[in-house]
Amino acid sequence: MLDGLGRHLENDHLLVQRWGKDSDCVGQGSVPTPLWLLIGAPYCFTSPWSLPLPAQPRLPSRSSLSLLSRGQQCFPATSPPRVVTFDEVMAAARNLSNMTLAHEIAVNENFQLKQDALPENSLASRVKHIVHQAFWDVLESELNAEPPEYEHAIKLFEEIREILLSFLTPGGNRLRNQICEVLDTDLIRQQAEHNAVDIQGLADYVISTMGKLCAPVRDDDIRELKATSNIVEVLRQIFHVLDLMKMDMVNFTIRSLRPHLQRQLVDYERTKFQEILEETPSALDQTTEWIKESVNEELLSLSETALTPGAENSSKSSLSPTVVLNNSYLKLLQWDYQKKELPETLMTDGARLQELTEKLTQLKIIACLSLITNNMVGALTEGLPELANRLKRISAVLLEGMNKETFNLKEVLNSIGVQTCVEVNKALVERGLSNLNAEVQANLIGQFSTIEEEDNPIWSLIDKRIQLYMKSLLCLPSPQKCMPPVPGGLAVIQQELEALGSQYANIVNLNKQVYGPFYANILRKLLFSEEATGKADASSSN
């Protein structure tokens, strides 16, 4: 499928505003890079002179590998366990890597590849710097020798030629022939033997050609290259800019492929996950437990309201699969992403769900603070919408980074309480009223500080209302076109909650489209397997 997409794109002439200034330049014709270059290929773009670190395929996280390496089967249940070989694990890892990358490209509009940067002052960074500096020092000494030694410089121009040719479209024959003619290493070696080679002239031609091929964002880099006089530094910076141009080209291709990949995403992800499931049958264990937990909770809720004996046993088949699955999705909004493994079917959206959950927790706290403030001093501040917005901004700023381990929520809530009292007093003075008395201020700060406590009634109330709102979102066919009404007490966060809810609904709806058949099999097994077994036993006894 992906190779087909790549072939389709080679024949699809996608124009861009400006990639080059020559008819043979990248961006003036078709996009030659097939999708297999981006999907399933190593994403390590280094310069030809960088350290020979082998590029490794992107593997799933440690937790996902542990899932993929188990030998217990999920479907069918009657099959005996089997040993999963290392090749099967690696094949599953590659499929998972490809699926994750394709999902990220299609879903994340801001997705782009970046050059790997070694940590500053790390051992690897120092070793790399020393080796590179040694190489360029040797090259400089060779070019300054009498007579000059050009062999290493010629090899660099040979590598530069191959990189420049890789930027050209299949139809860029004129510029291709010109590059091959000017950077003909055999001819350059003959000139070097007679000490007639013009290294500076070759470098100027390379810079001029790079200016034709580069994206507009690299124009400043090209100007800096032209202004550099030291030939060794020029060659060094040429390779640096070429690396940047490689990344520009890859990211341009990703943007061009995104619309095509979005149309193919559901079928592609489902097919890849089916391949993973065939290679590692235990790849749905966490997903099954995730759904099973919701089934048990629904059964418990029904059993508590059951009035007749045996109602609990008969209620399992009466559960709605949609309700069970929606409740499973709602659990993700309260998931402990540091301690609990995500279901396998949601691993591609794990980072997005975690970020969404963290933002939602911040909104809950802001709603709680607003509710407490309105209950205690609402009568005094009525008719001051700007005060509510200012208090909301203050709370949001102080709650930034609350997902970090070093974040002290109790201290921050106390600070928000103090700042709230200051702002309220300022508003009261402006209206010609007296400040809040010390008892009211202490009470307000104290109630703010208790929000983090377990079973806090205000927190429970706001949480229940947000859960109700999110649940209503999942029941709508088109969340973006028709948003449900926001429950009372959440008006202060309505705009942010609707935006967050829309993102959440998009993630859930796409996940349902992709993994719906797998969820159906799990739900059929959990909800109706016992009923089917009972019927089989009854027929056999007759």
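All figures in this text were calculated on a predicted structure; none of them were measured in a lab.

Student: Teacher, can you tell me more about the nonpolar core here?
Tutor: One broad rule of soluble globular proteins: the nonpolar side chains tend to lie buried together. Judged by nonpolar contacts, the single largest core of 80 residues is most densely connected at Ile291, Tyr329, Leu332, Met470 and Tyr504. In terms of residues, this core owes the most to one element, helix H19 (residues 494-541), which gives 14 residues. Split by domain, the residues of this core number at least three in each of domain 1 (86-111 + 121-283) and domain 2 (344-529). Residues Leu164, Leu202, Ile238 and Phe239 belong to the second largest nonpolar core, which totals 40 residues.

Student: Help me understand the environment of methionine 402, please; the structure alone is not making it clear to me.
Tutor: Relative to the assigned elements, methionine 402 resides in the loop between helix H15 (385-398) and helix H16 (409-430). Distance in space between the C-alpha atoms of methionine 402 and glutamine 362 is 7.9 Å, their sequence separation being 40 residues. In contact with methionine 402, other than residues within four places in its own chain, are Thr361, Gln362, Ile365, Phe407 and Leu409.

Student: Help me understand the side chain of asparagine 511, please; the structure alone is not making it clear to me.
Tutor: Along the chain, asparagine 511 falls in helix H19. Here asparagine 511 is in contact with Tyr329, Thr345, Leu346, Gly516 and Tyr519, once residues within four sequence places are set aside.

Student: Would you mind showing me how to read the layout of surface pockets here?
Tutor: Leftover empty space is mapped by rolling, across the atoms, a probe with the size of a water molecule. The computed volume of the largest pocket comes to approximately 890 Å³. Of all the elements, helix H14 (residues 350-381) adds the most residues to the lining of the largest pocket, at nine residues. For the lining of the largest pocket, the class distribution of residues is 10 nonpolar, eight polar and 10 charged.

Student: Help me understand the packing of aromatic side chains, please; the structure alone is not making it clear to me.
Tutor: Counted by the stated rule, this structure contains eight aromatic pairs. With a centroid separation of 5.2 Å and 85° between ring planes, the pair formed by phenylalanine 273 and tyrosine 515 is classed as edge-to-face. Here the residue phenylalanine 273 occupies a position in helix H10 (residues 231-279), and tyrosine 515 occupies one in helix H19, the gap between them amounting to 242 residues. Note on phenylalanine 273: relative accessible area 2%, which makes it buried. Overall, tyrosine 515 belongs to the buried group, its relative accessible area being 1%. An angle of 50° between the planes, with centres 6.2 Å apart, marks the rings of tyrosine 515 and phenylalanine 518 as tilted. In this pair, tyrosine 515 and phenylalanine 518 both sit in helix H19, three residues apart, roughly one turn of the helix.

Student: I'm lost on the pattern of salt bridges in this one. Help?
Tutor: Note that side chains of opposite charge can pair when their charged atoms are close. Counted according to the given criterion, the structure contains 15 salt bridges. Glutamate 162 is the partner of arginine 161 in a salt bridge, and the nearest nitrogen-oxygen pair spans 3.1 Å. Take arginine 161: its relative accessible area is 14%, and that puts it in the buried class. Linking arginine 218 and aspartate 221 is a salt bridge whose minimum nitrogen-to-oxygen distance equals 3.6 Å. Classification of arginine 218 as buried rests on a relative accessible area of 16%. The network of salt bridges with shared partners includes Arg218, Asp221 and Asp248.

Criteria and thresholds
Residues numbered from 1 in each chain as written. Predicted model: local features only at pLDDT ≥ 70, side-chain atom pairs only at ≥ 80, totals over all residues. Heavy atoms only, no water. Core = buried A, V, L, I, M, F, W, Y, C linked by side-chain atoms within 4.5 Å. Buried < 20%, exposed > 50% of the residue type's maximum accessible area, 1.4 Å probe, protein only. Helix = DSSP H or I, 4+ residues; strand = E, 2+ residues; numbered from the N terminus. Domains from an automatic or database assignment. Contact = heavy atoms within 4.5 Å. 1 Å grid on protein atoms, 1.4 Å probe; cavity = no way out; pocket = protein on both sides within 12 Å on 5 of 7 lines; lining within 4 Å. Points joined across faces, edges and corners; volume = space filled by probe spheres on them. Nonpolar A, V, L, I, M, F, W, Y, C, P; charged D, E, K, R; others polar. Phe/Tyr/Trp six-rings, centres within 6.5 Å; stacked < 30°, edge-to-face > 60°. Salt bridge = Lys/Arg side-chain N within 4 Å of Asp/Glu carboxyl O.

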